Amino acid sequence: MALPLGSVAEGAMFVDEKAYCKADDYTLSRQVCGNLRHTLGTAGAPFDAYLASDYDLVDKTKYKAVILPEPAVTQTSQRIAEDCLKKGIALLRVNRDNQFIDTKQLREFYTDN
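So, here's what we can say about the structure. (Residues numbered from 1 in each chain as written. Predicted model: local features only at pLDDT ≥ 70, side-chain atom pairs only at ≥ 80, totals over all residues. Heavy atoms only, no water.)

**A look at the sheet that holds strand 1 (residues 11–15)**
Sheet strands pair via backbone hydrogen bonds, and the direction of the pair is either parallel or antiparallel.
In step 1: Sheet architecture is open: 4 strands sit in the order 2-1-3-4, paired in parallel fashion. Because the sheet does not close on itself, it has two edges, and the strands there are strand 2 (47–51) and strand 4 (90–94). Geometrically, the sheet is characterised by an average inter-axis angle of 20° between neighbouring strands, direction not taken into account.
In step 2: Sheet topology note: the strand 1/strand 3 (residues 65–69) ladder contains 3 bridges and is parallel. Within strand 3, the position partnered with Gly11 by the bridge is Ala65.
In step 3: The sheet contacts of helix 2 (residues 26–43) involve strand 1, strand 2, strand 3 and strand 4, and relative to strand 3 the element is tilted by about 150°.
In step 4: Packing of helix 3 (residues 75–87) onto the sheet brings it into contact with strand 1, strand 3 and strand 4, and relative to strand 4 it is tilted by some 155°. (Pairing = 2+ DSSP bridges. Helix = DSSP H or I, 4+ residues; strand = E, 2+ residues; numbered from the N terminus. Axes fitted to C-alpha atoms, helices over the stretch in contact; angles between N-to-C directions. Contact = heavy atoms within 4.5 Å.)

**Side note on the pattern of salt bridges**
In step 1: Tallying each qualifying case throughout the model produces 6 salt bridges.
In step 2: One salt bridge in this structure joins Glu70 and Arg93, with 2.8 Å as the shortest N-O distance. Taken together, the residues span a long stretch of sequence, with Glu70 in the loop between strand 3 and helix 3 and Arg93 in strand 4 at a distance of 23 residues.
In step 3: Overall, Glu70 belongs to the buried group, its relative accessible area being 3%.
In step 4: Note on Arg93: relative accessible area 25%, which makes it partly exposed.
In step 5: Between Lys104 and Glu108 there is a salt bridge whose closest N-O contact spans 3.9 Å. (Salt bridge = Lys/Arg side-chain N within 4 Å of Asp/Glu carboxyl O. Buried < 20%, exposed > 50% of the residue type's maximum accessible area, 1.4 Å probe, protein only.)

Spelled out as structure tokens, the structure:
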């Protein structure tokens, strides 16, 4: 029996490097990135990671949820959020308000969506 090829992830994370440049708070940027990376790892839910600039090239039909680390809102991150809303894709924006998201909260997000 052969192993399946390709990703089995139902979640995608789109990282906008410009959001980290635009953020005027290094601690916030580090917290959003570092905490989210740790939380995603401990949640046990597979996800695919992409650059936000590649959003239009990604087939989003296989994803039930999008995670958007967002230490600062950019034009690209706002466009991604609007597109997810329009297409009915669950969206988790990780920013100043929820930078300390934990494994339980992330699992609840996945379960609810």
